[in-house]
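Residue-level structure breakdown
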Amino acid sequence: MCASMIELRSDSFTKPCTTMRLAMAEAEVGDDQYGEDPTVRQLETSACALLHFEAGVFLPSGTQANLVALLSHCERGDEYIAGQESHILKWEGGGGAIFGGIQPQSVPADHSGTIDFNALVSAIKPAGVFFPRTRLLCLEDTFWGNALPLDYLAQFLALAKTRGLLAHLDGARLFNAAVRQGVPPSRIAAEFDSVSVCLSKGLGAPAGSLLLSSEQTIRAARRWRKLLGGAMRQSGVLAAAGLFALRNNIERLAEDHKKAAVLLECLSELPAFEVLHQSLPTNMVLFRLRRGSPEAFVERMATSGVRILHTDPMRLVFHKDVSWEQTSRVVEVMRNIADAG
Ligand SMILES: *Cc1c(COP(=O)(O)O)cnc(C)c1O
């Protein structure tokens, strides 16, 4: 195995850079459970300003941010609706059902992350003793690396509003979407009732997520964070990394998108791979093999020094710790594997 593997499994593998670590070392801290960590407060305030929300809370992970959102918006017997492949519904252990008695309802969504509105409307339950109370609609942006078109977001929010439903955005990679579309991140998030964002994906912080919403919802969220064991003490050390990420690492996401675009173009020319095209791709390349076993392919990639996950579709995830040189190397490796058949 190569000494320096090229890591394309996820942008969650990004490591904090030296200057981020310095900011962490120098952070002013206090006990955040008493509201006395100035760096955590600064991070929450900065995120609210950036995304145009009233209030925000810093949490250890994106999973907890989404779970706290569900618990803050819904009661036992309520229901949330989300795309069948969405992270909140499929990849977070069913926490809403476990901790809140909240029923998940999945609806079909395509590989670009758009949920069909007819399916969405027919999944909304009418009022009455028979039915769970539909309370919340969830969307994910970016989804599988695709930014959702702004007019789609507007239609989704209008639908939620006419039906009297709340709307939550899983914006783990919201900043990728904003950079891709050349709009301020508030343009994407501000009209949702809540948004979660990850600092530990492409933004490069070692840990941390934020949930932003109204004052009232965030008051409830702080209580749920405590109950779930996610309230921390001198977490300013982590918040400092998040602040650094918001200040320094958003615009550079464009670089990751460029690398992914180069790879997408090269793969499209190789008949061994079926590339899945999306409308607004960011830092991921999705593809399937036209022949051969995916397990063997993942293994051959690994022995050539490239780590990828075995998912369907397969995906290559670009991030700040993948250089241009490594990007070219990935193209070369995939070309060789394709030629070998
Ligand atoms: C990573 C991710 C999360 C969860 O974040 P963790 O910090 O890994 O718990 C939620 N939603 C999406 C879309 C993600 O990619």
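To start, this report covers the structure provided alongside it. All values reported here derive from a predicted model rather than from experimental measurement. (Residues numbered from 1 in each chain as written. Predicted model: local features only at pLDDT ≥ 70, side-chain atom pairs only at ≥ 80, totals over all residues. Heavy atoms only, no water.)

Details of the pairing of strand E10 (residues 284-289)
In regular strands, side chains alternate between the two faces of the sheet. With respect to burial, E10 is a largely interior element, five of its six residues being buried. Sheet topology note: the strand E9 (residues 273-275)/E10 ladder contains three bridges and is antiparallel. In the strand pairing of E10, Phe273 is matched with Leu289. Two strands pair when backbone bridges link them, and E10 and strand E12 (residues 314-317) are joined in this way by four bridges, in the antiparallel orientation. Each residue of the ladder has a partner; that of Leu286, found in E12, is Arg315. (Buried < 20%, exposed > 50% of the residue type's maximum accessible area, 1.4 Å probe, protein only. Helix = DSSP H or I, 4+ residues; strand = E, 2+ residues; numbered from the N terminus. Pairing = 2+ DSSP bridges.)

Points about the sheet that holds E9
What the three strands build is an open sheet, ordered E9-E10-E12; its pairing is antiparallel. Two strands in the sheet have a free side with no partner beyond their single neighbour: E9 and E12. Neighbour-to-neighbour, the strand axes of the sheet open up by a mean angle of 35°, direction not taken into account. Where helix H12 (residues 253-268) meets the sheet, it contacts E9, E10 and E12, and its direction lies at approximately 20° from that of E10. (Axes fitted to C-alpha atoms, helices over the stretch in contact; angles between N-to-C directions. Contact = heavy atoms within 4.5 Å.)

Notes on the sheet that holds strand E7 (residues 194-198)
In space, the seven strands of this open sheet follow the order E2-E8-E7-E6-E5-E3-E4, with mixed pairing throughout. Each end of this open sheet is capped by a strand with a single partner; those strands are strand E2 (55-59) and strand E4 (103-107). Averaged over all pairs of adjacent strands, the angle between strand axes in this sheet comes to 20°, irrespective of strand direction. In this sheet, strand E8 (residues 209-213) lies alongside E2 in antiparallel orientation, the contact comprising five bridges. What sits directly across from Phe58, in E8, is Leu210. Where helix H7 (residues 150-162) meets the sheet, it contacts strand E5 (133-140) and strand E6 (166-171), and its direction lies at approximately 170° from that of E5.

Observations regarding the layout of surface pockets
Counted as a void, the largest pocket has a volume near 610 Å³. If you trace the largest pocket, you find 32 residues lining it, with His87, Trp91, Arg173, Lys201 and Arg315 closest to the centre. Those elements that provide at least two residues to the lining of the largest pocket are helix H3 (62-73), helix H4 (87-90), E7 and E10. At three residues, H3 tops the list of elements feeding residues into the lining of the largest pocket. Grouping the constituent residues of the lining of the largest pocket by class yields 10 nonpolar, 12 polar and 10 charged. (1 Å grid on protein atoms, 1.4 Å probe; cavity = no way out; pocket = protein on both sides within 12 Å on 5 of 7 lines; lining within 4 Å. Points joined across faces, edges and corners; volume = space filled by probe spheres on them. Nonpolar A, V, L, I, M, F, W, Y, C, P; charged D, E, K, R; others polar.)

A short note on empty space enclosed by the protein
Overall, the coordinates contain two cavities of 30 Å³ or more when judged by the stated rule. In this structure, the largest cavity encloses a volume near 70 Å³. If you trace the largest cavity, you find it lined by Gly83, Glu85, Ser86, Ala109, Gly113, Ile115, Cys138, Leu139, Glu140 and Phe143. It is E5 that contributes the most residues to the lining of the largest cavity, three residues altogether. In terms of residue class, the lining of the largest cavity is built from five nonpolar, three polar and two charged. Computed from the structure, the second largest cavity encloses a volume of approximately 40 Å³. Forming the boundary of the second largest cavity are Ala172, Arg173, Phe175, Asn176, Cys198, Lys201, Gly202, Leu203 and Leu253. For the lining of the second largest cavity, the residue count by class is five nonpolar, two polar and two charged.

Section: the site of the ligand
By nearness alone, every residue bordering the ligand is listed as Ser61, Gly62, Thr63, Asn66, His87, Glu92, Glu140, Asp170, Ala172, Arg173, Cys198 and Lys201. Note that a nitrogen atom of the ligand is positioned 3.5 Å from one of the side-chain N or O atoms of His87. Protein chains shield 83% of the accessible area of the ligand, which is 380 Å² for the free molecule. Assessed atom by atom at 2 Å from the grid points, the ligand resides in the largest pocket. With three residues, the top contributor of residues to the shell around the ligand is H3. Classifying every residue of the shell around the ligand by side-chain character gives two nonpolar, five polar and five charged. (Near = heavy atom within 4 Å. Polar contact = N/O pair within 3.5 Å; in protein donor to acceptor, adjacent residues only side chain to side chain. Areas by Shrake-Rupley, 256 points an atom, 1.4 Å probe, with all protein chains shown as cover. Sits in = over half its atoms within 2 Å of the grid points.)

A word on the packing of H3 against helix H10 (residues 215-227)
For any two helices packed against each other, the geometry is given by the interaxial angle and the distance between the axes. Where H3 contacts H10, the two axes come as close as 9 Å, and the packing angle between them is 120°. By the angle class used here, H3 and H10 are oblique. In the packing of H3 onto H10, the handedness of the crossing is right-handed. Mapping the contact onto sequence places Gln64, Val68, Leu71, Ser72 and His73 in H3 and Thr217, Ala220, Ala221, Trp224 and Arg225 in H10. Of the residues contributing to the contact of H3 with H10, the split by class is five nonpolar, four polar and one charged. (Parallel < 35°, antiparallel > 145°, perpendicular 65-115°, else oblique. Left-handed = near helix turned anticlockwise from the far one by under 90°.)

Focus: the state of the cysteines
In this structure the tally under the stated criterion is zero disulfides. Among the cysteines around Cys48, which has no disulfide bond, Cys198 carries the closest sulfur, lying 17 Å off. Exposure remark for Cys48: the relative accessible area of 10% places this residue in the buried category. For Cys198, which is in no disulfide, the shortest distance to another cysteine sulfur is to Cys138 and amounts to 15 Å. Overall, the relative accessible area of 8% leaves Cys198 in the buried class. (Disulfide = S-S within 2.5 Å.)

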